[in-house]
Amino acid sequence: MALDIMNERGVTLDKQDFDWKDLVQTPFSKLDDDAFTRVRVILMNGIESEAIRFSHACARMNKALQLPLARVRRAEQHQQILVNWLNPPDQSPLETTIGYEQTAVEITAIVAQNEPDPYLKQVYEFGMLEDFDHLYRFAALMDRVEGRDANNITQCYTDIIPGRPTSVEHRAPDDDVREPYDRASAAPITKLNALVIVSAEHQVHDYYANVGPFFADPVARQLYAEILSIEEQHVTQYECLMDPFESWLEKWLLHEATEVYTYYSCLQTETNPRLKRIWERFVAYELGHLHSVMELFKRIENRDPAEVLPATLPEPISFTSQRKYVREVLRSQVDLRANGTRIVPVNQDSDLSIRYRERMNQAGSPSERVAAGYKWRPGTELNRLGASGNGHGKGVVTKEVSR
Amino acid sequence: MMKEGVAIGKNRTGIDLSPIDKQQLIEATEATIPSMEGDMSEIADMRSEYLENGERLGSVPPPASVKGIAANALDALKGGNPAVLVDKLGERLAFERTGTRLYEALIAKHQNTESFPGAPTLEDLRHIQTEELEHFEMLRDVIIQLGGDPTTVTPAADVMAVSSLGLVQVLSDPRTTFMQSLEAILTAELVDSDSWAMLIRLTKAMGHPLVAQKFEKALAEEEEHLSRVRSWIQAGTLGLAGPGPVVKESLKEAVKETIAGVAQSVAKSVAKDQVKGVKKKS
């Protein structure tokens, strides 16, 4: 059922109360909760991070909006804490990373299928195959460094196989910039989609930048460095999709609508009753934010919010496995490259990017080396009973050990 | 009040819960060729590239006091490397200090968990915690006596702190049970026991017999901790496993062992104190 955002007013800002205990609730269970519960938590932390990031940028450029931005931002800040603190402490940074890549793959796949603009759809599919490969590389790292199975986190919803190899994802900045949608003609879902994806990717970038140095193994440190660099390219790519001629208030309005849309999607699909209540509460909070910004939009820009927002929100994000679609995109598009703002066949790859890639990979590619000969197996690649009888088949351990 | 026990529930981590998806996942991986040939030796090579640098975590500081310089010089004269002793003393001090805090977290769990046959009392846990603190204080005094700085984080102390990160995580997570926390404490006590034995050998070898004597008492106490923690874990685990006749028998044994273990350790400790008393008098 679609949500009528013009008439549903939610909870007003002055009634959005928190206290410290409320912010720190019992986390979800890494073992018992569904993988999509983690995906929702990760996505919503990304959405709130973007809300705060945008709000600060906007405040730096708009004196008149500083106080209203600060008021809404205070609530967003507390929402982000409450949501992100739902991640359990027994979930290691590498396990969380696997969750981040699963989120990137599944949500980008859903968004790409919902996207009516063929160019934007193409860009989402292009990026999705890269995050899909990251999942495989991090799974190899988890298996080979920690002896753990990434599928304990992804719970069979997402394939763990190579995508577009990370080693060829490195591009010159000239080939990461993309064309934006047109604010006057783009469908509302197009605007929401762009914000959802840029939020998710920016969060991944910031997370890897923060946790990368916590790893001791140089293999892990190099892999995080390499994939972090791609995440930066993804943020560049996705932020270009939004029309830069939207006004600051118009962008703020779209941010709030995206927050309502994503919390509402979580509410529709959540299987953990405790988290479902949180999503319900925050749908109401975000409706409150949205309506306060609508008032500013009317007062300051003298414009009707209906110019920018749809009367009802699009169909919620489904939060289900997109295996079939991802496989089809993988089969048909794995060899695509970017040249300028275009997505092109491999034989039209950009010389600038080829040179950049060769330079970055000159001492070897961490993502290739960590996954050399790697095939994911249930219970890790050591679990090769039947292959050699002793669980130490060819390619599983170093040559020295296997001799 | 938290209940001990292992519940059967909806754990979703195993692959057999999703028979159709499992098949698809395996088929996909079987049909895929990795983008680079090879094996774990690539990882070994990457590690070697960094190992060749020879960089260390850090160092042991030079002694700050004249007394320390003299003690170090004396150790060096005897042909020893005083840095090793300083390093290991720092490690023990840090571990005992963290141990005191770990027991505080364990006590919080204990206070909020239903008791079981053979379980420790609050006094049992406070007793061990007090001894951990006494060991920390004793080590601090020894380090000062040898002219060292007890606030220094030595490389061995740093490594031990990194190794213990998981113990702190387990003990401080409100979702772990008392028994799960006790397992983490067992890891700490096993390390404690071994490390004190090592330290005694080291101080004797470095020509500090009086220090070694102090450490003997700490080792006896740590052995008592280990024995008691082992018995509590045995009693708790067997108790949780159920009321079957075999388990019941094992449980009785475990409770007996707890009592015997405690009695033995106490007797050992008392005997040592008596020996010390005799020595002092003489």
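Reading guide: rules and limits
- Residues numbered from 1 in each chain as written.
- Chains lettered and ligands numbered in written order.
- Predicted model: local features only at pLDDT ≥ 70, side-chain atom pairs only at ≥ 80, totals over all residues.
- Helix = DSSP H or I, 4+ residues; strand = E, 2+ residues; numbered from the N terminus.
- Rg over C-alpha atoms; globule rule 2.2 N^0.38 Å.
- Buried ≥ 20, exposed ≤ 12 C-beta atoms within 10 Å, placed from the backbone.
- Contact = placed C-beta atoms within 7 Å.
- Nonpolar A, V, L, I, M, F, W, Y, C, P; charged D, E, K, R; others polar.
- pLDDT = per-residue confidence, 0-100.
- Axes fitted to C-alpha atoms, helices over the stretch in contact; angles between N-to-C directions.
- Parallel < 35°, antiparallel > 145°, perpendicular 65-115°, else oblique.
- Left-handed = near helix turned anticlockwise from the far one by under 90°.
- Core = buried A, V, L, I, M, F, W, Y, C linked by C-beta atoms within 7 Å.
- Expected span 1.5 Å × (residues − 1).

Asks: I keep staring at the overall build of chain A and nothing clicks. Help me out?
Replies: Looking only at helices and strands, chain A has 14 helices and two strands in total. At 22 Å, chain A has a C-alpha radius of gyration in line with the 22 Å of a compact globule built from 403 residues. Based on the C-alpha atoms only, the size of chain A along its principal axes is roughly 75 × 50 × 35 Å. Taking all 403 residues of chain A together, the buried fraction comes to 49%.

Asks: What am I meant to see in the overall build of chain B here?
Replies: What chain B contains, in helices and strands, is 10 helices and zero strands. Shown N-terminal to C-terminal, the secondary structure of chain B runs as helices and strands in the order α-α-α-α-α-α-α-α-α-α. In chain B, which comprises 282 residues, the share counted as buried stands at 32%. A separation of at least 24 residues holds for 77% of the contacts in chain B among residues at least 6 apart in sequence.

Asks: Help me out: how do you make sense of unusual backbone geometry in this one?
Replies: Among all residues save glycine, negative phi is the norm, and among peptide bonds the norm is trans. At N302 of chain A, a position not held by glycine, the phi torsion is positive, near 55°. Topologically, N302 of chain A is positioned in the loop between α10 (273-301) and α11 (323-333).

Asks: Is there a simple way to explain the interface of chain B and chain A in this structure?
Replies: Across the boundary between the two partners, chain B contributes 31 residues, which contact 35 residues of chain A. When its residues are assigned to classes, the side of chain B that touches chain A shows 11 nonpolar, 11 polar and nine charged.

Asks: Explain the confidence of the model for chain A to me, please; I cannot follow it from the model alone.
Replies: Residues and elements named next belong to chain A. When pLDDT is averaged across chain A, the result is 95; 95% of the residues are at 70 or more. Counting contacts from residues 386-395, a segment whose pLDDT is below 50, to residues more than four positions away or on other chains yields 12 contacts. Note that pLDDT drops below 50 for residues 398-403; the model gives that stretch nine contacts with residues more than four away or on any other chain.

Asks: Explain the packing of helix α4 (residues 93-114) of chain A against helix α5 (residues 118-146) of chain A to me, please; I cannot follow it from the model alone.
Replies: When two helices pack together, you describe them by how their axes are tilted relative to each other and by the distance separating the axes. All names here are of chain A. Where α4 meets α5, the closest approach of the two axes is 9 Å, and the angle between their N-to-C directions is 160°. If you check the angle between α4 and α5, you find them roughly antiparallel. Between α4 and α5 lies a crossing whose hand is left-handed. Each residue belonging to the contact of α4 with α5 can be placed in one class, and the counts come to 15 nonpolar, five polar and five charged.

Asks: What exactly am I supposed to notice about the nonpolar core here?
Replies: Within soluble globular proteins, side chains that are nonpolar generally end up buried alongside one another. Ranked by size, the top nonpolar core spans 108 residues in total, and within it M128, A139, L141, L253, A257, V260 and Y263 of chain A carry the most contacts. Of all the elements, α5 of chain A adds the most residues to this core, at 14 residues. Look past the residues within four positions of M128 of chain A in its chain and what remains in contact with it is V105, T108, A109, A112, V326 and V329 of chain A. The next biggest cluster of nonpolar side chains, apart from the first, holds 22 residues, and it includes V60, A94, V142 and L146 of chain B.

Asks: So what exactly am I meant to see when it comes to the environment of L3 of chain A here?
Replies: All names here are of chain A. On the secondary structure map, L3 appears in the segment before α1 (20-23). Along the chain, L3 and Y261 lie 258 residues apart, while their C-alpha atoms are 8.4 Å from each other. Apart from the residues lying within four places of it in its own chain, the contact partners of L3 are E8, V260, Y264, T312 and L313.

Asks: Just checking my understanding: could you explain the packing of helix α8 (residues 178-205) of chain B against helix α9 (residues 209-241) of chain B for this structure?
Replies: Residues and elements named next belong to chain B. Relative to each other, α8 and α9 sit at 160°, their axes nearing to 8 Å. With respect to α9, the axis of α8 lies roughly antiparallel. Judged by the sense of rotation from one axis to the other, the crossing of α8 with α9 is left-handed. Of the residues contributing to the contact of α8 with α9, the split by class is 19 nonpolar, five polar and eight charged.

Asks: Quick question: what am I supposed to make of the environment of I20 of chain B here?
Replies: Residue and element names in this part refer to chain B. Here I20 is to be found in helix α1 (residues 19-30). Given 8 C-beta atoms within 10 Å, I20 falls into the exposed group. Spatially, the C-alpha atom of I20 lies 51 Å from that of K256, the residues being 236 residues apart in sequence.

Asks: Quick question: what am I supposed to make of α10 of chain A here?
Replies: An α-helical turn contains 3.6 residues, so any two residues separated by three or four positions project in the same direction. In a regular helix each residue adds 1.5 Å, so 29 residues correspond to 42 Å; α10 of chain A covers 41 Å between its end C-alpha atoms and thus fits that length. Phi turns positive, to about 55°, at N302 of chain A, one or two residues after α10 of chain A.

Asks: Help me understand the environment of Q348 of chain A in this model?
Replies: Among the secondary structure elements, Q348 of chain A is positioned in the loop between β2 (342-344) and α12 (351-360). Put simply, Q348 of chain A and H289 of chain A are 59 residues apart on the chain and 46 Å apart in space, counted from C-alpha to C-alpha.

Asks: Can you help me understand helix α5 (residues 122-145) of chain B in this one?
Replies: All names here are of chain B. In this model α5 runs 35 Å from its N-terminal to its C-terminal C-alpha over 24 residues, within 8% of the 34 Å that 1.5 Å per residue would give. Of the surrounding elements, those touching the buried residues of α5 are α4 (82-111) and α9. Count one or two residues on from α5 and you reach G147, which has phi positive near 85°.

Asks: I tried to follow the confidence of the model for chain B on my own but got confused; where do I start?
Replies: Where the model shows low pLDDT, its predicted coordinates should not be examined in detail. Mean pLDDT over chain B works out to 88, with 84% of the residues at or above the 70 mark. Among the scores for the predicted complex, ipTM is 0.88 and pTM is 0.92.

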